[in-house]
Amino acid sequence: MLCMYGFCNGNACAAVEEYQRRFPDRRIPSRSVFMRIHQSLRDTGSLPSVSVQCEREVVRMINTRDNILQKVQRSPHLSTRRMASRIGVSHMQVW
């Protein structure tokens, strides 16, 4: 993305268009993302850290949700706290 921003001479709108042209199957970042990356590199000398939810975490969350739903169907009177302790998640997630 930083190379794309430089390729477009610091024009964030052009960088978004060029990125979309080169990578049509990827999620397209907004122009502010290009500007923020460039600014962070200028200010700190490093790129900003990014927390990206990996596909494995999404699958685990779906499996947990399905597990919770199955347990509720089997034991609808079980408390959220007890169910959470059996599954290994917070009771708010069960709730």
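A. Structural view of the nonpolar core. One finds Met4, Tyr5, Cys8, Ala12, Ala15, Val16, Tyr19 and Phe34 forming the largest nonpolar core, which totals 8 residues. At the level of secondary structure, the elements contributing two or more residues to this core comprise α1 (2-7) and α2 (12-22). Looking at which element gives the most residues to this core, the answer is α2, with 4 residues. Beyond its immediate chain neighbours, meaning those up to four positions away, Cys8 contacts Ala14, Ala15 and Glu18.

B. Geometry of the environment of Glu18. By the secondary structure assignment, Glu18 is in helix α2. For Glu18, a relative accessible area of 13% puts it in the buried group. The spacing of Glu18 and Met1 is 17 residues in sequence and 9.9 Å in space, taken between C-alpha atoms. Once residues within four sequence positions are removed from consideration, Glu18 is found in contact with Met4, Phe7 and Cys8. A distance of 2.6 Å separates polar atoms of two side chains, one belonging to Glu18 and the other to Arg21.

C. Spotlight on helix α3 (residues 31-44). The end-to-end C-alpha distance of α3, which contains 14 residues, comes to 20 Å, matching closely the 20 Å that a straight helix rising 1.5 Å per residue would cover. Taken as a whole, α3 has its buried residues at Phe34, Ile37 and Ser40. All buried residues of α3 lie within an arc of 135 degrees about the axis, which places them on one face of the element. Opposite the packed face of α3, turned more than 90 degrees from it, sit the exposed residues Arg36, Arg42 and Asp43.

What counts as what
Residues numbered from 1 in each chain as written. Predicted model: local features only at pLDDT ≥ 70, side-chain atom pairs only at ≥ 80, totals over all residues. Heavy atoms only, no water. Core = buried A, V, L, I, M, F, W, Y, C linked by side-chain atoms within 4.5 Å. Buried < 20%, exposed > 50% of the residue type's maximum accessible area, 1.4 Å probe, protein only. Helix = DSSP H or I, 4+ residues; strand = E, 2+ residues; numbered from the N terminus. Contact = heavy atoms within 4.5 Å. Polar contact = N/O pair within 3.5 Å; in protein donor to acceptor, adjacent residues only side chain to side chain. Expected span 1.5 Å × (residues − 1). Arc of directions from axis to C-beta.

Fair warning: the whole summary comes from geometry, so function is off the table for now.
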